[in-house]
Amino acid sequence: MLSMTGYGRGEYREGGIELTVEIKTVNNRYLDVSIKSPRVFIACEDVIRSAVREKMTRGHADVFISLSDKREKCKTLYLDEGTAKAYADAARRVKQMLPDAADDFTVTSVLRYPDVIRAEESNAADGELLTALTAALDTALDRLNAMREIEGGKLAADMLARMKTVEGYVASITERAPQVAENYRSRLEAKMKKLLEGVEVDEGRLLTEVALFSDKSNIDEELTRLGSHTEQFRQICTEKLVGRKLDFLVQEFNRETNTICSKSNDIEVTRLGLAMKNEIEKIREQVQNVE
């Protein structure tokens with residue numbers, strides 16, 4: 001079982017490249033990946049998302065990438081010919097205006113003027129940067145999943161402990177259920193005797209009323225299904241990607257418990273049912289954090 005909450009960090013330090021990848025994840029119904037990286041890795045965002053998808057199926061992941069590139073790299077010089085020509089034309093016009101001024105206009109001086117020439121660096125990641133990114137990202141994802149697995153184990157232990165509590169409530173309700181009809185019979189008989197003031201109660205009619213009540217308030221099917229659900233819950237918890245299955249199963253737990261509370265017509269069964277619903281809700285909250 002994997003939790004959707006976790007953190008992983010990967011680093012690459014080699015050949016003047018210092019790159020760090022950090023990944024933080026939280027629960028989310030679907031997989032959502034947000035990337036914050038230097039501009040040099042903009043073209044790599046699809047690759048990063050694909051790598052995350054291979055390790056995650058649900059959750060929101062924030063990927064943070066920082067880079068310090070200290071390598072000596074060849075730079076390309078860009079000459080803005082239009083700007084250089086404009087400076088040259090302006091120099092000629094000034095010469096015409098001031099013919100006696102010394103003419104120190106040279107090609108070298110043009111190169112010093114603003115915006116005539118500038119150094120350009122590649123905006124795309126080269127092979128070394130891609131290697132560094134892949135290595136750091138893989139490490140971060142492995143550490144993230146290691147943490148998510150640990151957290152998932154804790155979630156499983158907590159939910160299974162609560163499931164044991166739910167089983168206790170189911171056992172108590174199962175023990176109490178047969179008494180409900182008998183209690184109803186005793187109350188009904190006492191009420192009829194009081195109303196009839198000494199007239200003998202029609203035993204046949206009394207038994208018919210009790211039988212109708214027993215049929216209406218019978219919760220055997222619900223208790224059987226709850227027993228089956230608890231077995232399925234334990235089985236699913238041994239698997240890896242279980243969030244959606246457990247979410248559906250918890251809904252079934254709630255449905256059966258609601259039916260028991262509505263059919264019971266018994267204070268003690270209702271009390272036990274409400275306590276069980278409270279425990280199921282705590283399990284549901286934990287399930288929301290499971291991938």
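Brief notes about the packing of aromatic side chains
Right, so step 1: Considering all chains together, one arrives at two aromatic pairs under this definition.
Right, so step 2: Consider the rings of Tyr87 and Tyr113, whose centres lie 4.7 Å apart with planes at 50 degrees: the pair is tilted. Highlighted residues: Tyr87 in helix α2 (residues 81-97) and Tyr113 in the loop between α3 (107-112) and β6 (117-120), separated in sequence by 26 residues.
Right, so step 3: A ring pair is formed by Phe233 and Phe253, whose centres lie 6.5 Å apart and whose planes are at 80 degrees; its orientation type is edge-to-face. Separated by 20 residues along the polypeptide, Phe233 in helix α6 (residues 220-236) and Phe253 in helix α7 (residues 243-264) bring together distant segments of the chain.
Right, so step 4: By relative accessible area, which is 2% here, Phe253 ends up buried.

Details of the environment of Arg162
Right, so step 1: Summarising the element assignment, Arg162 is placed in helix α4 (residues 127-196).
Right, so step 2: Of the residues examined, Arg162 reaches a relative accessible area of 22% and is grouped as partly exposed.
Right, so step 3: Spatially, the C-alpha atom of Arg162 lies 7.9 Å from that of Ile280, the residues being 118 residues apart in sequence.
Right, so step 4: If sequence neighbours within four positions are ignored, Arg162 has contacts with Glu279, Lys282 and Ile283.
Right, so step 5: At 3.0 Å, the side chain of Arg162 and the side chain of Glu279 are in polar contact.

How each quantity is defined
Residues numbered from 1 in each chain as written. Predicted model: local features only at pLDDT ≥ 70, side-chain atom pairs only at ≥ 80, totals over all residues. Heavy atoms only, no water. Phe/Tyr/Trp six-rings, centres within 6.5 Å; stacked < 30°, edge-to-face > 60°. Helix = DSSP H or I, 4+ residues; strand = E, 2+ residues; numbered from the N terminus. Buried < 20%, exposed > 50% of the residue type's maximum accessible area, 1.4 Å probe, protein only. Contact = heavy atoms within 4.5 Å. Polar contact = N/O pair within 3.5 Å; in protein donor to acceptor, adjacent residues only side chain to side chain.

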